[in-house]
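Close look at the chain arrangement
The primary structure of each chain is shown beneath.
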Amino acid sequence: VDALMDVCAPPLTLRRLDDVEQRLKEVIFKQTEAKARSVQAHEDMRQMLATFIERLATMSQSTGSFHDMLETSARLIEQAKTITDIAPVLKDVVGATRSMAHDSQSVRDELQDMKKKADATEVELTKLHQELDRVSALARHDPLTGALNRQGLDEALGREISKVRRQNTPLCAALLDIDNF
């Protein structure tokens, strides 16, 4: 909006209009593209979190069943009168332990895969934020001179005023307006 208002100020030239139009199209395109990728990355993170919680619930259930089985086996061993009475109980304990180890390994592998995906998504989100910052910077700077436009000046001035207020120091500002520039 500031760029459009700057363009509308005299003298109005076709070159200025073309520059602003091109800049606005690029900013809109980049922001739309980055937003869509950001939304997708956030959705991927939500899906991974849901899968993680599901796996955690499965492990909790499996661990609970294993614990119950061990308690039952311990009671049966205590009640056993001979070694032959213990053999089937030990066979069940070994089978349950193997099953628990297999389940744990499967969940561990899935969690490692999810961690890799989460790390990749985090890198993608960082890139997207950097791209949005770059595109936003394009909107705050004049493409011809690289100088701050009105929006960029307002943001910089706001930061400096906040800094002066925090540090309780004086502020001095000078603006130079070059006609027909």
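The structure this text deals with has already been given above.
A quick note: this is a predicted structure, and the numbers were derived from the prediction, not measured. (Residues numbered from 1 in each chain as written. Predicted model: local features only at pLDDT ≥ 70, side-chain atom pairs only at ≥ 80, totals over all residues. Heavy atoms only, no water.)

**A word on the overall build of the protein chain**
Formally: A run of H or I in DSSP counts as a helix once it spans at least four residues, and a run of E counts as a strand once it spans at least two, with each numbered from the N terminus. Exposure is judged per residue with a 1.4 Å probe applied to protein chains only, and the accessible area is read against the type maximum: over 50% gives exposed, under 20% gives buried, and values in between give partly exposed. Whether two residues are in contact is decided by their heavy atoms: any pair within 4.5 Å suffices. Here the accessible surface of atoms and residues is derived via Shrake-Rupley with a 1.4 Å probe, and residues count as covered only by protein chains that are part of the display.
Across its full length, the protein chain carries 4 helices and 0 strands. Counting from the amino terminus, the protein chain carries its helices and strands in the arrangement α-α-α-α. Looking at the protein chain as a whole, 16% of its 181 residues qualify as buried. For the protein chain, long-range pairs separated by at least 24 residues make up 60% of all intrachain contacts whose partners lie at least 6 apart in sequence. Only carbon and sulfur atoms are counted for the fraction: they give 59% of the accessible area of the protein chain, which is about 13800 Å².

**With respect to a nonpolar patch on the surface**
The criterion, for reference: Note that patches include only residues with greater than 30% relative accessible area and no salt bridge, and the join distances are 9 Å for like charges and 5 Å for nonpolar side chains (Val, Leu, Ile, Met, Phe, Trp, Tyr). Each reported salt bridge corresponds to a side-chain nitrogen of Lys or Arg within 4 Å of a carboxyl oxygen of Asp or Glu.
Residues Leu49, Phe52, Ile53 and Leu56 make up a contiguous nonpolar surface patch of about 370 Å² in total accessible area. Inspection of the secondary structure assignment puts Phe52 in helix 2 (residues 14-79). Here Phe52 falls in the partly exposed class, since its relative accessible area comes to 33%.

**A closer look at the environment of Asp119**
Considering the arrangement of structural elements, one finds Asp119 in helix 3 (residues 83-140). Residues Asp119 and Met45, 74 residues apart in the sequence, show an inter-C-alpha distance of 9.9 Å.

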